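Structural characterization, general
Take a look at the letters that make up each chain.
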Amino acid sequence: MKIHLSSVFVDDQDKALRFYTDVLGFVKKTEIPLGAHRWLTVVSPEDPDGTELVLEPDEHPAVKPYTEALVADGIPATAFAVDDVRAEFDRLRGLGVRFTQEPLEMGPVVTAVLDDTCGNLIQIVQHG
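In short, a report on the structure. (Residues numbered from 1 in each chain as written. Predicted model: local features only at pLDDT ≥ 70, side-chain atom pairs only at ≥ 80, totals over all residues. Heavy atoms only, no water.)

**Overview of the sheet that holds strand β8 (residues 121-127)**
- One open sheet holds the four strands; their spatial order is β5-β8-β7-β6, and the pairing between them is mixed. Because the sheet does not close on itself, it has two edges, and the strands there are β5 (78-81) and β6 (99-106). With strand direction ignored, the average angle separating the axes of adjacent strands in the sheet is 20°.
- Note: β6 against strand β7 (residues 109-115), five bridges, orientation antiparallel. If you follow M106 over to β7, its bridge partner there is V109. (Pairing = 2+ DSSP bridges. Helix = DSSP H or I, 4+ residues; strand = E, 2+ residues; numbered from the N terminus. Axes fitted to C-alpha atoms, helices over the stretch in contact; angles between N-to-C directions.)

**Quick notes on the packing of aromatic side chains**
- For the coordinates displayed, the defined rule picks out five aromatic pairs.
- Ring geometry for Y20 versus F80: centroids 6.4 Å apart, planes at 85°, classification edge-to-face. With Y20 in helix α1 (residues 13-23) and F80 in strand β5, this residue pair connects regions lying 60 residues apart in the sequence. Across the pair, F80 and Y20 agree in class, each one buried.
- An aromatic cluster is defined as three or more aromatic residues linked by ring pairs; in this entry it consists of F19, Y20, F26 and F80. (Phe/Tyr/Trp six-rings, centres within 6.5 Å; stacked < 30°, edge-to-face > 60°. Buried < 20%, exposed > 50% of the residue type's maximum accessible area, 1.4 Å probe, protein only.)

**Concerning the sheet that holds strand β2 (residues 27-34)**
- If you trace the four strands from one edge of the open sheet to the other, you get β1-β4-β3-β2, paired in mixed fashion. The open sheet is flanked by β1 (5-10) and β2, the only strands paired with a single partner. When the angles between neighbouring strand axes are averaged without regard to direction, this sheet yields 25°.
- Along the sheet, α1 makes contact with β1, β2, β3 (37-43) and β4 (52-57), crossing β3 at roughly 10°. (Contact = heavy atoms within 4.5 Å.)

**Things to note about unusual backbone geometry**
- Even without being glycine, T117 reaches a positive phi, approximately 70°.
- Along the chain, T117 falls in the loop between β7 and β8.
- Residue classification places T117 among the partly exposed positions, given a relative accessible area of 41%.

**Here's the deal with the nonpolar core**
- Ranked by internal contacts, the top residues of the largest apolar core, which has 25 residues, are Y20, L24, L55, F99 and L114.
- Among the elements of the structure, β1, α1, β3, β4, α3 (85-94), β7 and β8 are those that each provide at least two residues to this core.
- The dominant element in this core, judged by the number of residues it contributes, is α1, at five residues.
- With sequence-adjacent residues up to four places away left out, L24 is seen in contact with F19, F80, R91, L92 and L114. (Core = buried A, V, L, I, M, F, W, Y, C linked by side-chain atoms within 4.5 Å.)

**What about α3?**
- When we look at burial in α3, the residues that qualify are V85, E88, F89 and L92. Buried positions in α3, seen along its axis, are confined to an arc of 105° and lie on one side of it.
- Where α3 is buried, its residues meet α1, β6, β7 and β8.
- Sitting at the head of α3, D84 places a side-chain oxygen 3.1 Å from the backbone nitrogen of R86. (Arc of directions from axis to C-beta. Polar contact = N/O pair within 3.5 Å; in protein donor to acceptor, adjacent residues only side chain to side chain.)

**What about α1?**
- Inspection of α1 places Q13, A16, L17, F19, Y20, T21 and V23 among the buried residues, and these make up the whole buried set.
- Looking at where α1 begins, the residue whose side-chain oxygen comes 2.9 Å from the main-chain nitrogen of D14 is D12.

What follows is the structure, encoded as structure tokens:
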């Protein structure tokens, strides 16, 4: 068994697609119209057949209170692995990305937390 899909709830699929592709560097994998929204996924260019991230509309009534509570408490919705957190932090900050946590060493890992502009905090992680 392996992870096939994971989701983040976003307040605007177009804005999310731009952020996750143009800023974070993912590539669009799937886009299927579904009424007012789309089945919209992105993948890592390093693993195009790997786990897909669904940019899920935040329309369900439970989503906004949930994501707002996570953001208010500084809890990331998900985490992405990077080779060098400090280099990625510098690159993303240079693109105007707002971080809520600058690079922080925690034992064998280094993390930072960014605002995805779509209602979520996202952690980037570098393992030892």
